[in-house]
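# Structural features, examined
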Amino acid sequence: MGIRVVAEKMVFGGSCMAKVDGKTVFIPFAIPGETLEIEITQSFRDYDRADITQVVEPSAHRVQPFCPLYGICGGCTMQHVSAAQQRVLRAQILRDCFAREGIAVPDIQLIAGSDRGYRARIQLTDGGFNRRESNTVVPLAACPVATPQVNAYLAAVPQQDRPRGRCHLFGDSRVQHATAFDHLLVAEEKKRAPRAMSEKLKKRIKHTVRPRFAGTTADAQSVCSLLLAGKTIQFDTRGFFQSNLDVLEKTVGTMTQGIAGKRALDMYAGAGIFSVFLSDSFAQMTLVEHNRDALVQAEINLRGKKHESYGVSGAKWVRENAAQDIARGGDFDAVVIDPPRSGMEKEVRDWLCAHKPRHIRSLSCDPATHARDAAALIRAGYALTALYLPDFYPQTSHIESLAFFERRAP
């Protein structure tokens, strides 16, 4: 017989908490308020993990998952919750992360699109998806959260005829490719060594503003071009790019609205999406991005716009380039920042707190590190004036957040 518990709040990662003999238990596929019977599957010193053996009293928000692979493949984790309630739960998790840092947040504003058929980018392994918490490949004929363009490929190409190894599909009506499948790019991930660089060339790249970078592994066959909010953007599908283009268009518009001036800094710039749009409102953009493959695409995307690019990490730019950059061009009027899951590098965060640009717009894929960075900015004299939940990944527990910070008057 299972252990009977009542599911408490949902936490980052999508599991719900419960207590068994005073010890915290994390339960996937649960909904807050449900009465459940569970079985402990893993036990650690401070917490346990459990599976549901029976939903005794289901939540009013529990629904039947619409995908036959739900719970089998490692993708979706919240199809058992109604779409509207999913957004409520993701917003609550975001609010809790900021509250733990002592931050009282304004009303969280939702940036949303469709909850199905939205995902333009999927990754296949030997033609299928990976099983949940496993490297076993699950055969795949369709994905209900993927775009029609992606599903057209999955329906037409049998599993055995798809590329072996890892493969990236990117398909959407905005994609400007006309191959065997319209508006779809198929990019195989091939292992190869990057081009060797001399120590002298490495030093030049590290310390010098350059319009191109040697030693990249860019491959024309994996470069995708799309029309996003009226502008042509290209990127390498083997790297990161947002999968939900409806929400991306709305987020770009929100991120770049209401700011203008002489200079703006795009930290962790990627392929330069924000810079492309901000270049209409700022006389010059400065991009910092350590991934030189992405920065090559940014250079192409910003062709004809006044800008400078640094192929270094944010921390190295702060240590080695920031002072010269500002001495040459003046202070930045605004900073947009889209850090990795680990958040801003300490050097970048400290630099922002010391130099205090008037506007900071921060997009994050991890609410905990976003809250940590926000707390540092607030202590340094910034006000959190807006907090958004761009709902990039419906049916999952993934949370992204967009925060606006304004420098308070002295």
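Residues numbered from 1 in each chain as written. Predicted model: local features only at pLDDT ≥ 70, side-chain atom pairs only at ≥ 80, totals over all residues. Heavy atoms only, no water.

This brings us to the packing of helix α9 (residues 346-355) against helix α10 (residues 367-379). Orientation of α9 relative to α10, taken along the N-to-C sense of each, is 25 degrees, at an axis distance of 9 Å. As the angle between them shows, α9 and α10 are arranged roughly parallel. The two elements α9 and α10 cross, and the hand of that crossing is right-handed. Across from R349, L352 and C353 in α9, the residues of α10 making contact are R372, D373, A376 and L377. (Axes fitted to C-alpha atoms, helices over the stretch in contact; angles between N-to-C directions. Helix = DSSP H or I, 4+ residues; strand = E, 2+ residues; numbered from the N terminus. Parallel < 35°, antiparallel > 145°, perpendicular 65-115°, else oblique. Left-handed = near helix turned anticlockwise from the far one by under 90°. Contact = heavy atoms within 4.5 Å.)

Now for the pairing of strand β16 (residues 307-310). Where burial is concerned, the two faces of β16 agree: the one with H307 and S309 and the one with E308 and Y310 are both buried. Both strand β15 (residues 282-288) and β16 contribute to a ladder of 4 bridges, which runs parallel. Along β16, the bridge assignment pairs L287 with S309. (Buried < 20%, exposed > 50% of the residue type's maximum accessible area, 1.4 Å probe, protein only. Pairing = 2+ DSSP bridges.)

One broad trend across soluble globular proteins is that nonpolar side chains are buried collectively. One finds L154, L169, F170 and F241 to be the most contacted residues of the largest nonpolar core, which totals 61 residues. Sequence-distant contacts of L169, defined by excluding residues within four places in its chain, comprise A120, R121, I122, L124, V150, Y153, L154, L184, L185 and V186. One finds A7, V105, V288 and A374 within the second-largest nonpolar core, a separate group that totals 56 residues. (Core = buried A, V, L, I, M, F, W, Y, C linked by side-chain atoms within 4.5 Å.)

Moving on, we get to unusual backbone geometry. You will see that Y268, though not glycine, has its phi angle at about 60 degrees, which is positive. Along the polypeptide, Y268 turns up in the loop between β14 (261-267) and α5 (273-278). The exposure class assigned to Y268 is buried, which follows from its relative accessible area of 14%. At K356, a residue that is not glycine, the phi angle is positive and equals roughly 50 degrees. Tracing the chain through its elements places K356 in the loop between α9 and β18 (359-364).

With that out of the way, let us pick up the pairing of strand β10 (residues 166-171). The buried fraction of β10 amounts to 5 of the 6 residues, a majority that puts the element mostly inside the structure. Sheet topology note: the strand β7 (residues 121-125)/β10 ladder contains 5 bridges and is antiparallel. Looking at β10, one finds that I122 is bridged to L169. Note: β10 against strand β11 (residues 184-188), 5 bridges, orientation antiparallel. When the bridges of β11 are listed, C167 appears paired with E188.

On to the packing of aromatic side chains. Considering all chains together, one arrives at 13 aromatic pairs under this definition. Ring centres 5.3 Å apart and planes at 70 degrees place the aromatic pair Y153 and F181 in the edge-to-face group. Note that Y153 is positioned in helix α2 (residues 148-156) and F181 in the loop between β10 and β11, a separation of 28 residues in sequence. On the basis of an interplanar angle of 70 degrees and a centroid distance of 6.4 Å, the ring pair of F332 and W351 is categorised as edge-to-face. With F332 in the loop between α8 (322-329) and β17 (334-337) and W351 in helix α9, this pair connects stretches of sequence that are 19 residues apart. Of the residues examined, F332 reaches a relative accessible area of 7% and is grouped as buried. In this structure an aromatic cluster arises from ring pairing among Y310, W317, F332 and W351. (Phe/Tyr/Trp six-rings, centres within 6.5 Å; stacked < 30°, edge-to-face > 60°.)

The 8 strands are arranged β6-β19-β20-β18-β17-β14-β15-β16 in an open sheet whose pairing can be described as mixed. A strand with exactly one partner marks an edge of an open sheet, and here the two such strands are β6 (108-111) and β16. On average, adjacent strands in this sheet sit at an angle of 15 degrees to one another, irrespective of strand direction. Direction of pairing for β17 relative to β18: parallel, over a ladder of 4 bridges. Looking at β18, one finds that V335 is bridged to I360.

A word on the pattern of salt bridges. Taken as a whole and judged by the stated rule, the model has 19 salt bridges. Connected via shared salt-bridge partners are D172, R174, D246 and E249. (Salt bridge = Lys/Arg side-chain N within 4 Å of Asp/Glu carboxyl O.)

Looking now at the sheet that holds β7. The 3 strands lie next to each other as β7-β10-β11, forming an open sheet whose pairing is antiparallel. Each edge of the sheet is formed by a strand with only one pairing partner; in this case those strands are β7 and β11. For this sheet, the mean angle separating the axes of adjacent strands, direction not counted, is 20 degrees. Along the sheet face, α2 touches β7, β10 and β11 and points at about 130 degrees away from the line of β10.

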